Amino acid sequence: MTPTDAAPRWKVVAAFAAVYIIWGSTYLAIRFAIETMPPFLMAGVRFVIAGALLYWWARWKGAPRPERAHWKATTIIGGLLLLGGNGGVVWAEQRVPSGIAALIVAIVPVWIALMEWRMPGGRRPGWQVTAGLALGSLGLLLLAAPGAASLGARVDLIGVGALLIATLCWSLGSVLSKRFSLPASPLVTTGMEMLMGGVLLLVAGLVTGELPKVHLAEISFRSGMALVYLITFGALIGFTAYLWLLRVGSPTRAATYAYVNPVVAVFLGWSLAGEAISARTIIAMAVIVGAVVLITSSKPRVPKLEPASKQAPEGALSSEY
């Protein structure tokens, strides 16, 4: 029995719904938030608040105090996921439309599948995962190819480069989260990773000179509400659901959110920003959903039994995004 089989089905469905739908909407929320707030400081405030709330709640409910090694591990993973991953996306959205950002981030499942394969003890992806990755990439090409009416803005190459680096950081953090010794409590782990990643984002904001750009009186109502949405839904619900999926499933499966988020982002662009949805977009959406079905329905290969000394340490994010 795989870990995802052991987890209650309704929890798995709810967690995937959170990362599929909520995270698809955060691209537009980020765009609204950075209209009147600097990117790194906005993201840092978001995750420090969310992380502190989660950590306090878990400790108040009786979760044991984490060890020093846990803080080191969550700093590394939080730095990769939030400073490198989310921070890169937030910064890039100053230069790249939110829909295009979501499309580029959809390369995450490809990086994760390749990283898992090349990691020590990694296994080559099965035919369903390989076919799903290829099908999802085809869907992304259909969406992003010249002539896709829903996303006609000119692409900024610096912004695209930042997004590609962000996807690599996020993918590496997702894969390493299975290999580090972390607290047994998922809420403590999530709170620590958000807290440490948020602190690193704040440091990045200070180093890049964002503090003089903060003018509280000039923060618009829309930006403020977008930040509240990013804290509550994007971080407390979405990020927690993602890390839980990493804990009970495979990074490749959890990363399928990156195929659905562009669909949500394109729909929001149509409904809230007046962007047209072409026939090509509808076909691409169907291809992407098919890719998700292939990847999530694949059966992981049964690994050979290893001596007890080689088993994962207690509290590690065991193999199941």
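You'll find the structure just up there.
Because the structure is predicted, anything quoted here is derived from the model rather than measured.

Draft legend 1. Spotlight on the overall build of the protein. When helices and strands are tallied, the protein shows 13 helices and zero strands. Carbon and sulfur atoms provide 69% of the accessible area of the protein, an area that totals close to 15100 Å².

Draft legend 2. Main features of the environment of isoleucine 104. Checked against the element boundaries, isoleucine 104 lands in helix H5 (residues 98-105). Each residue touching isoleucine 104, except ones within four places of it in the same chain, is listed here: Val160, Leu163, Leu164 and Thr167.

Draft legend 3. Seen up close, the packing of aromatic side chains. All chains considered together, the criterion is met by 13 aromatic pairs. Between tryptophan 23 and tryptophan 170 the ring centres are 5.6 Å apart and the planes differ by 75°, which places this aromatic pair in the edge-to-face class. Residue tryptophan 23 is located in helix H2 (residues 9-33), and its partner tryptophan 170 is located in helix H8 (residues 157-176); the two are separated by 147 residues in the primary sequence. Assessed through its relative accessible area of 7%, tryptophan 23 is described here as buried.

Draft legend 4. Summary view of the packing of helix H3 (residues 39-60) against helix H4 (residues 68-92). Relative orientation of the contacting elements H3 and H4 amounts to 140°, with a least axis distance of 10 Å. By the angle between their directions, the pair H3 and H4 is classed as oblique. Relative to H4, the crossing made by H3 is right-handed. Of H4, the residues touching H3 (which contributes Pro39, Phe40, Met42, Ala43, Arg46, Phe47 and Tyr55) are Trp71, Leu82, Asn86, Gly87, Val90 and Trp91. For the contact of H3 with H4, the class distribution of residues is 10 nonpolar, two polar and one charged.

Draft legend 5. Broad picture of the environment of leucine 272. Structurally, the position occupied by leucine 272 is in helix H12 (residues 257-273). Counting along the chain gives 244 residues from leucine 272 to leucine 28, while the straight-line C-alpha distance between them is 9.4 Å.

Draft legend 6. Structural view of the nonpolar core. Residues Val19, Trp170, Tyr242, Tyr257 and Tyr259 are the most contacted members of the largest nonpolar core, which totals 87 residues. Considering each element in turn, this core owes the most residues, 13 residues, to H2.

Draft legend 7. Structural detail: the pattern of salt bridges. All told, the structure shown has one salt bridge when counted by the stated rule. Between glutamate 35 and arginine 222 there is a salt bridge whose closest N-O contact spans 2.6 Å. Of this pair, glutamate 35 sits in the loop between H2 and H3 while arginine 222 sits in helix H10 (residues 221-248), placing them 187 residues apart in sequence. We classify glutamate 35 as partly exposed; its relative accessible area is 40%.

Draft legend 8. Structural detail: the side chain of threonine 167. Within the element layout of this structure, threonine 167 appears in helix H8. Residue threonine 167 is classed as buried on the basis of its relative accessible area of 1%. With near-sequence residues (within four places) excluded, threonine 167 lies in contact with Ile104, Val105, Ile107, Val108 and Trp111.

Draft legend 9. Summary view of the side chain of asparagine 86. Examined against the element boundaries, asparagine 86 turns out to sit in helix H4. Excluding its chain neighbours within four sequence positions, the residues that come into contact with asparagine 86 are Ile30, Ala43, Arg46, Phe47, Leu81 and Trp170.

Draft legend 10. Region of interest: the environment of leucine 157. If you trace the backbone, leucine 157 turns up in helix H8. For the pair formed by leucine 157 and valine 96, sequence separation is 61 residues and the distance between their alpha carbons is 8.9 Å.

Draft legend 11. Expanded view of H3. In a regular helix each residue adds 1.5 Å, so 22 residues correspond to 32 Å; H3 covers 32 Å between its end C-alpha atoms and thus fits that length. Directly beyond the C-terminal end of H3, a positive phi value near 110° is found at glycine 62.

Draft legend 12. Spatial organisation of the packing of H3 against helix H9 (residues 186-207). At their nearest, the axes of H3 and H9 sit 7 Å apart, and the two run at 155° to each other. In terms of orientation, H3 and H9 fall into the roughly antiparallel class. The crossing of H3 and H9 is left-handed. Residues of the contact of H3 with H9, tallied by class, amount to 22 nonpolar, six polar and no charged.

Draft legend 13. Local environment of a nonpolar patch on the surface. Taken together, Leu206, Leu211, Val214 and Leu216 make up a surface patch of nonpolar side chains, about 400 Å² in accessible area. Note that valine 214 resides in the loop between H9 and H10.

Draft legend 14. Highlighting empty space enclosed by the protein. Size it by volume and the largest cavity reaches roughly 240 Å³. In this structure, the largest cavity is lined by 19 residues; those nearest its centre are Trp23, Tyr27, Asn86, Val89 and Trp170. Counting only elements with at least two residues in the lining of the largest cavity, the list comes to H2, H3, H4, H8, H10 and H12. A breakdown of the residues in the lining of the largest cavity according to their chemical character gives 12 nonpolar, six polar and one charged.

Each value, and the rule that gives it
Residues numbered from 1 in each chain as written. Predicted model: local features only at pLDDT ≥ 70, side-chain atom pairs only at ≥ 80, totals over all residues. Heavy atoms only, no water. Helix = DSSP H or I, 4+ residues; strand = E, 2+ residues; numbered from the N terminus. Areas by Shrake-Rupley, 256 points an atom, 1.4 Å probe, with all protein chains shown as cover. Contact = heavy atoms within 4.5 Å. Phe/Tyr/Trp six-rings, centres within 6.5 Å; stacked < 30°, edge-to-face > 60°. Buried < 20%, exposed > 50% of the residue type's maximum accessible area, 1.4 Å probe, protein only. Axes fitted to C-alpha atoms, helices over the stretch in contact; angles between N-to-C directions. Parallel < 35°, antiparallel > 145°, perpendicular 65-115°, else oblique. Left-handed = near helix turned anticlockwise from the far one by under 90°. Nonpolar A, V, L, I, M, F, W, Y, C, P; charged D, E, K, R; others polar. Core = buried A, V, L, I, M, F, W, Y, C linked by side-chain atoms within 4.5 Å. Salt bridge = Lys/Arg side-chain N within 4 Å of Asp/Glu carboxyl O. Expected span 1.5 Å × (residues − 1). Patch = residues over 30% accessible without salt bridge, like charges linked within 9 Å, V, L, I, M, F, W, Y side chains within 5 Å. 1 Å grid on protein atoms, 1.4 Å probe; cavity = no way out; pocket = protein on both sides within 12 Å on 5 of 7 lines; lining within 4 Å. Points joined across faces, edges and corners; volume = space filled by probe spheres on them.

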